[in-house]
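Chain by chain, the residues:
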Amino acid sequence: MPPYAFFQKEYVPLPEAKIGIMTHAFHYGTACFEGIRGNWNPDDEQLYIFRGREHYKRLVNSCKLLKIELPYSIDELCQMTVDLVRKSEYKEDVYIRPLAYKSTEAFGVRLHDLDDDLLIIVTTFGPYLDVTKGIKCTTSSWRRIDDNMIPPRGKICGLYVNNAFAKTEAVEAGAAEGIMLTSDDYVSEGSGENIFIVNDSRLITPTVNDRILLGITRETVMQLAKDELGIETLERRVDRSELYMAEECFLTGTAAHITPVVAIDNRKIGTGNIGKITGDLQKLYFDVEFGRNRKYIQWCTPVY
Ligand code: PMP
C-alpha cells in the first residue's frame, strides 16, 4: 500500500496530495503544524501513537493565533490519525505531521478572508539526533523571536525560519544543535527541542515566558522525573553561563526524544559523557513512549 495523506477532507495516496504554487501559506508561512511519533513495539506487534491528544490540543491553540478554525474535535483528529496510519499499513516507527494552513490561492499579507485546510502526512522516521552518544551544541547568534513578534508558543510555520537560522549556523560550525537565547539573553530552547540542565539532583528548565514551545516531551519528562525518580523540576530563567557549569544537560522533543548534550560552545558538560540522571530518564522515557511501561499506557494510542 502507498502511504496516504489526509488532504482537502479526504484520504488520498501521498503522491496525489499537491498544493498549488499560489497557496497563501507557501508564500507567507501562514500555517501551523505538529510532529507526533508513532512507535512500533515488536513484542506487542503494535504501533503506539504517543500523546496524540496533547499534540492536537496544541495544534488547536496554534490555529487560534492564525485565525484558523478546524472543523474537527480533538477526538476526531486523533481518530483520523489512527485511520491514516492504519490505512498506510506502517509497522515501524513513524512521524505524523498534521498541518493547518491558509489554503486560498491568493496574494496579499493577511490572516482574514482566506480558506483553511488541514493536511496530515505520515512517514517513516529514524533518529533525529544522536541519543546514544550525546551531541555538541552551540549557543546561537540568532536570538529567539519574541512573543509580540510571532508567538513561539504557537508552532507556526513562518516562525521556523528563526529556528532554521539557528540550526544551520550550529551544524555549519560543527555542532548538532543551536541553543537560542531570548532577546534579553536568557536561555530559551533548541531549534526543535526544549532544554534541561541538571544540578544538585534537580532539573532546571526555562519558563513558559522564555519564548519556548511548551513541549509535550518537556511536560512528560517533568512528570516522569517527579513520579518515578522523585526529582523535582525548577522552571526558572537560565543564564548562558549556567549551561557551561551544569552537571548534566539534555534536550527534549518528539523527534529528539531525550538527547544528552555533552558539550556546549566547546566546553564539556559534566564529565563530557551522558549523565546519570539523563540516562535514567532516557530509559524511562523510551519505555513509556514505546508502550513497554504499562503504567503510562494511556498515553499510547494503539493503531491496530
Ligand atoms: N521547541 C521547538 C521549537 C520545537 O519545534 C519542538 C518540537 N515540537 C519542541 C520544542 C519540543 O516539543 P515536543 O516535545 O512537544 O515535541
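Here the structure is shown first, and the text comes after it.
All values derive from a computational prediction rather than experimental measurement.

Caption draft 1: Local environment of the packing of helix 5 (residues 216–229) against helix 7 (residues 276–289). At a closest axis distance of 10 Å, the pairing of helix 5 and helix 7 adopts a crossing angle of 110°. By the angle between their directions, the pair helix 5 and helix 7 is classed as roughly perpendicular. For the pair helix 5 and helix 7, contact is made by Thr 217, Thr 220, Val 221, Leu 224, Ala 225, Glu 228 and Leu 229 and by Asp 280, Leu 281, Leu 284, Tyr 285 and Val 288, respectively. Looking at the contact of helix 5 with helix 7 residue by residue, the classes come out as 8 nonpolar, 2 polar and 2 charged.

Caption draft 2: Highlighting the packing of helix 2 (residues 52–65) against helix 3 (residues 74–88). Running from N to C, helix 2 and helix 3 cross one another at 120°; their axes reach a closest spacing of 9 Å. Judged on the interaxial angle alone, helix 3 and helix 2 are oblique. Our pair here, helix 2 against helix 3, has a crossing hand that is right-handed. Between helix 2 and helix 3, the residues in contact are Gly 52, Arg 53, Tyr 56, Lys 57 and Val 60 and Ile 74, Asp 75, Leu 77, Cys 78 and Thr 81, respectively. Grouping the constituent residues of the contact of helix 2 with helix 3 by class yields 5 nonpolar, 2 polar and 3 charged.

Caption draft 3: View of the nonpolar core. Among the nonpolar cores identified, the biggest contains 31 residues, and Leu 70, Val 85, Ile 96, Leu 118 and Ile 120 are the most heavily contacted of them. It is helix 3 that contributes the most residues to this core, 6 residues altogether. Two domains each provide a minimum of three residues to this core, namely domain 1 (4–124) and domain 2 (135–289). Each residue touching Val 85, except ones within four places of it in the same chain, is listed here: Leu 47, Ile 49, Tyr 90, Ile 96, Val 122, Val 303 and Tyr 304.

Caption draft 4: Just a nonpolar patch on the surface, in detail. A grouping of Ile 21, Met 22, Tyr 28, Phe 107 and Val 109 is seen on the molecular surface, where their side chains present a nonpolar patch of about 540 Å² in accessible area. Topologically, Met 22 is positioned in the loop between strand 2 (10–13) and helix 1 (24–28).

Caption draft 5: Quick look at empty space enclosed by the protein. This model, assessed by the stated rule, comprises 2 cavities of 30 Å³ or more. Of the volumes computed, that of the largest cavity is approximately 50 Å³. Together, Arg 37, Phe 50, His 55, Ile 216, Thr 217, Thr 220, Thr 254, Tyr 285 and Glu 289 line the largest cavity. Taken together, the elements giving at least two residues each to the lining of the largest cavity come down to helix 5 and helix 7. Ranked by residue count, the leading element in the lining of the largest cavity is helix 5, at 3 residues. Each residue belonging to the lining of the largest cavity can be placed in one class, and the counts come to 3 nonpolar, 4 polar and 2 charged.

Caption draft 6: Helix 3, seen in detail. Here helix 3 is 15 residues long and its end C-alpha atoms lie 21 Å apart, about the 21 Å a rise of 1.5 Å per residue gives. Listed in full, the buried residues belonging to helix 3 are Ile 74, Leu 77, Met 80, Thr 81, Val 82, Leu 84, Val 85 and Ser 88. Phi turns positive one or two residues past the end of helix 3, at Glu 89, with a value near 60°.

Caption draft 7: Structural detail: the environment of Tyr 296. Within the element layout of this structure, Tyr 296 appears in the loop between helix 7 and strand 17 (300–302). On the basis of relative accessible area, Tyr 296 is assigned to the buried category, the value being 3%. Between the C-alpha atom of Tyr 296 and that of Leu 224, which follows or precedes it by 72 residues, the distance is 9.7 Å. Residues in contact with Tyr 296, not counting those within four places in the same chain, are Gln 223, Leu 224, Asp 227, Glu 228 and Val 288. Separated by 2.6 Å, the side chains of Tyr 296 and Glu 228 make a polar contact.

Conventions adopted
- Residues numbered from 1 in each chain as written.
- Predicted model: local features only at pLDDT ≥ 70, side-chain atom pairs only at ≥ 80, totals over all residues.
- Heavy atoms only, no water.
- Axes fitted to C-alpha atoms, helices over the stretch in contact; angles between N-to-C directions.
- Helix = DSSP H or I, 4+ residues; strand = E, 2+ residues; numbered from the N terminus.
- Parallel < 35°, antiparallel > 145°, perpendicular 65-115°, else oblique.
- Contact = heavy atoms within 4.5 Å.
- Nonpolar A, V, L, I, M, F, W, Y, C, P; charged D, E, K, R; others polar.
- Left-handed = near helix turned anticlockwise from the far one by under 90°.
- Core = buried A, V, L, I, M, F, W, Y, C linked by side-chain atoms within 4.5 Å.
- Buried < 20%, exposed > 50% of the residue type's maximum accessible area, 1.4 Å probe, protein only.
- Domains from an automatic or database assignment.
- Patch = residues over 30% accessible without salt bridge, like charges linked within 9 Å, V, L, I, M, F, W, Y side chains within 5 Å.
- Areas by Shrake-Rupley, 256 points an atom, 1.4 Å probe, with all protein chains shown as cover.
- Salt bridge = Lys/Arg side-chain N within 4 Å of Asp/Glu carboxyl O.
- 1 Å grid on protein atoms, 1.4 Å probe; cavity = no way out; pocket = protein on both sides within 12 Å on 5 of 7 lines; lining within 4 Å.
- Points joined across faces, edges and corners; volume = space filled by probe spheres on them.
- Expected span 1.5 Å × (residues − 1).
- Polar contact = N/O pair within 3.5 Å; in protein donor to acceptor, adjacent residues only side chain to side chain.

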